[in-house]
Amino acid sequence: LSGVFCRAALVHPTAAMAAAGPPHATALVMMLLGSVYAIDNGLGLTPPMGWRSWNSFGEHVSQRRLELVMDGMVARRRQVDGVPMSLCDLGYCDAGLDDNWQACGSGSDGFSFHGSDGSSIVNQATFPNFTAMTEHAHRLGLRAGWYANNCICSEQKSATSEMYERDVHYMARVWGFDSVKLDGCGTQRDLDLWARLINQSGRPIMIENCHWGGTVPTKDWCPWNFFRTSGDIFAIYGSVVANLLTTVHWAREGLSRPGCWAYPDMLEVGCQRGPPGDDLSPGLSLDETYSHFGAWCITSSPLTLSHDVNNDTVMDEVWPIISNREAIAINQAWAGHSGSPFKESTDLLSLPGARVQLPAWQYFYKPLGSGRVAVLILNHGPSPRRFHLDMKEVPLLPCVQCVMRNVWQQVDGSVDGSLDVELLSHDSAFLVLAPFETPPPQWTCHAYEEWQGDWWCKQVGTVNDIEYKFFGGDGTCDDCRCCKRPVAQGDQAQAAAATDLYQNSVIGADLPVLTTQADLAQPGGWGCWRYVAEQNDEWCKTAGVQGNQEIVYDGGSGLCGPCTCCARTIADWDCHHYLPGQDETWCANAGVVEDQEMEYRLMTGGNNFCGKCHCCKRSTAGKLVGMTTVLAQDDRTLVINNQADGAYLDSMGKSIAGGLALRLTYWGQAPEQMSWLDSPPCGSESCSGANAGEAVVSDLKVLPIPGSPGRSRLAGPAPPTHSPAPAWPPPPVLPGRPAKQPQPAQPAPTPWAPPPPTPLP
């Protein structure tokens, strides 16, 4: 709520509660201090996740608005890894009211909104039926959150015990709420009494202590599930950082823990300004939003969204951040420490929105168990900066040569001793570091053939009943990086079927030979599409392309498992870094350049469409650029040369179970040039633009181009025609996410390998 309600001074629990209650309640408070050490409701064992209304609606909240938000929290309008998911699917399942449900001024005996019997008086015009609202939440699989006290028309008279009793009775037994925010405004501030009455109600209710850092836990006293450590947060970066730092003391003292989490207020992710009427908060840039969310995750803060979940523009922008399941998993993990800084700048700076000076940069850590440690590097400064991370400085990290996961980019890597990170102003790098996995004794060393290398070992998988895996060398397979072992006995039948399919399909056959150094870009694999709302099989048959998802009806034949409707990502957009002579005007008019489709997205600071760039690019879905391929069917032969006739092969390497076949998609082909196909996808028309289509070619043979070297069917991926990927470890320079500047040298492209075989149904 509004910052004018913040309480800067820390108040001892005894003094706070005695001051809040009437004289006759003081003895009760003192007695409770000896008996209520911590809330015992079995809730909040991981940081709570959900949504509250204040930043979206402020005092202009209503039952109808909350019910629409609840609908939005379970709507599967967006995807994670190709699967439609809702906010609740990700864990954000608590939909909470935040102030102004009361009929202000309607109370009796000098109270603002409490009647003579102690009951709260609800504003029936805006909240006609609390019970119906909570039932709506429960039907959707959500938890409904209530709010006690009022910071707009707060009670000024000393609270009576009847007020607590009646509020808990209605909250728990009549209306059926599942959580409650106990704000610090007014006189109902006795948290021990709240906790005792709520526990006695028999309904498990999550309790938020929102006393702005004024009522705080001790090692043996915490009658709530999470507690505010700060004043109110605003949608400006300085406020975010200042609130974040109020958690540090509680983490280091071990007082932010399961069932009693330190909480620096709700998330400002997606909040353009702040609550209605707050015209001073400018909102967060994309970089700042990543840093804000990452900071809450690594400090085990409850993740309480507060933006408009039904605003598609806002949701599209923040979805890649709030749906990052790896970041959420870090937030939810517990291995004895909630997360705190281990290194920070001694240079202090002043940021708008912060009332205190802040370090120019910080390194946070959080142990995740099994030797894994999350690290978040934050650049609070006004300029881009290069950061150095030494593995020896990371607390509880048991390795110097480590496996590394980039949480923002969701890619793997490795580091030998240290790495450098380039960060823009207010940007962050979010990493998980861990020792290399120790292979069990049955692994033996695999000696690379001439064309093989670490890149081959990392992606080859299982071939001829032998599983290959990259370990980085640890002595259990003769200090080799690449180890191998026979497939486990229980997997033999499946492995045999997979190997048979591999040997007898176009996936494992002599694949087209590349006549230049270009690689064949592989589109994403098929996955199951889960129907939502009015979708069904009939919808799937005509859906076509939705966003960047291609949707096809398969009837459960195995393309995406037992599903009838399948989907795959056509191509992923990435950030394009301008080369000399290129700028935004160039990007807007570039079109397709060297098999990369360019698109200009005008948004301040970039957008999540391709990270944070104005200029986005994606592969044009595996076009045969500069390559010649010979395909034969029966006595007919077709030579495809992209530069000659513009035939584009979209998805090569997708086997059709039960026969030798290849699924092809063509654009720009004249009808007579497609006569060799089983069924030309576009009939008598040229396949171009919106009428591009797909065909299945059966009994297909892929012939080597005359004079090209042959290779064995099970030799694994062909040796790259370009320089192989660098040996482990890679150069220790890692951007936090794709950055605009400065530009690092581009790594060599990863060699293409056939996709893994699909077992026959």
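About the cut-offs
- Residues numbered from 1 in each chain as written.
- Predicted model: local features only at pLDDT ≥ 70, side-chain atom pairs only at ≥ 80, totals over all residues.
- Heavy atoms only, no water.
- Helix = DSSP H or I, 4+ residues; strand = E, 2+ residues; numbered from the N terminus.
- Buried < 20%, exposed > 50% of the residue type's maximum accessible area, 1.4 Å probe, protein only.
- Contact = heavy atoms within 4.5 Å.
- Areas by Shrake-Rupley, 256 points an atom, 1.4 Å probe, with all protein chains shown as cover.
- Pairing = 2+ DSSP bridges.
- Disulfide = S-S within 2.5 Å.
- Salt bridge = Lys/Arg side-chain N within 4 Å of Asp/Glu carboxyl O.
- Axes fitted to C-alpha atoms, helices over the stretch in contact; angles between N-to-C directions.
- Polar contact = N/O pair within 3.5 Å; in protein donor to acceptor, adjacent residues only side chain to side chain.
- Core = buried A, V, L, I, M, F, W, Y, C linked by side-chain atoms within 4.5 Å.

1. So, the overall build of the protein
Alright, step 1. Counting its secondary structure elements, the protein contains 18 helices and 39 strands.
Alright, step 2. Residues classed as buried in the protein amount to 53% of the 761 residues present.
Alright, step 3. Expressed as a percentage of contacts within the protein between residues at least 6 apart in sequence, the contacts between residues at least 24 apart total 70%.
Alright, step 4. A total accessible area of about 32,100 Å² is found for the protein, and carbon and sulfur atoms account for 52% of it.

2. Here we look at unusual backbone geometry
Alright, step 1. The phi dihedral of D99 is positive, around 80 degrees, even though this residue is not glycine.
Alright, step 2. In this structure, D99 sits in the loop between β4 (94-96) and α6 (130-139).

3. Some words on the sheet that holds strand β23 (residues 466-470)
Two orientations exist for strands paired in a sheet by backbone hydrogen bonds: parallel and antiparallel.
Alright, step 1. Read from one edge of the open sheet, four strands run β21-β24-β23-β22, paired in antiparallel fashion. Looking at strand neighbours, the two that pair on one side only are β21 (444-445) and β22 (462-463), the edges of this open sheet.
Alright, step 2. For β23 and strand β24 (residues 482-486), the ladder comprises five bridges, and the chain directions are antiparallel. Opposite I466, over in β24, you have P486 as the bridge partner.

4. Observations regarding the state of the cysteines
Alright, step 1. This structure, assessed with the given rule, holds nine disulfides.
Alright, step 2. For C151, the disulfide goes to C185, at an S-S distance of 1.8 Å. Looking down the S-S bond of the C151 and C185 bridge, the torsion is 90 degrees, so its handedness is right-handed. Separated by 34 residues along the polypeptide, C151 in the loop between β5 (143-148) and α7 (161-174) and C185 in the loop between β6 (179-183) and α8 (191-200) bring together distant segments of the chain. You'll find C151 and C185 in the same group, each marked buried.
Alright, step 3. A sulfur-sulfur distance of 2.1 Å marks the disulfide that ties C540 to C565. Measuring handedness by torsion sign, the sulfur bridge of C540 and C565 sits at about 95 degrees and is right-handed. Of this pair, C540 sits in helix α16 (residues 537-543) while C565 is found in strand β29 (residues 565-569), placing the two residues 25 residues apart along the sequence. Each member of the pair, C540 as well as C565, is classed as buried.

5. Topic: the pattern of salt bridges
Working definition: two side chains of opposite charge can pair if their charged atoms are close together.
Alright, step 1. Enumeration over the complete set of coordinates arrives at 18 salt bridges.
Alright, step 2. As a salt-bridge pair, R143 and D94 come within 3.8 Å of each other at their nearest N and O atoms. Highlighted residues: R143 in strand β5 and D94 in strand β4, separated in sequence by 49 residues.
Alright, step 3. Overall, the relative accessible area of 11% leaves D94 in the buried class.
Alright, step 4. Put simply, R166 and D117 hold a salt bridge, and the shortest N to O gap is 3.9 Å. Pair noted here: R166 is in helix α7 and D117 is in the loop between β4 and α6, with a separation of 49 residues, a long-range link.
Alright, step 5. One salt-bridge network, held together by shared partners, links R78, D312 and D316.

6. So, the sheet that holds strand β17 (residues 401-406)
Alright, step 1. Read from one edge of the open sheet, six strands run β11-β14-β15-β20-β17-β18, paired in antiparallel fashion. With one partner strand each, in any of the chains shown, β11 (340-344) and β18 (411-416) form the two edges of the open sheet. Here the strands of the sheet are splayed against their neighbours by 30 degrees on average, with no regard to which way each runs.
Alright, step 2. Sheet topology note: the strand β14 (residues 361-369)/strand β15 (residues 372-379) ladder contains eight bridges and is antiparallel. Residue pairing for β15: Y363 is matched across the bridge by I377.

7. So, the side chain of S428
Alright, step 1. With respect to the helices, strands and loops of the structure, S428 is situated in strand β20 (residues 428-435).
Alright, step 2. A polar contact of 3.3 Å, which involves the side chain of S428, links it to the side chain of S291.

8. Some points on the nonpolar core
Alright, step 1. Counting residues in hydrophobic clusters, the biggest one holds 131 residues, and the most contacted among them are Y92, F130, W146, F293, L389 and F430.
Alright, step 2. Those residues within four positions of Y92 in sequence are excluded, and the remaining contacts are M49, G50, M73, L87, L142, F293, L303, L305, I322 and I328.
Alright, step 3. The next biggest cluster of nonpolar side chains, apart from the first, holds nine residues, and it includes W456, V460, F470 and C482.

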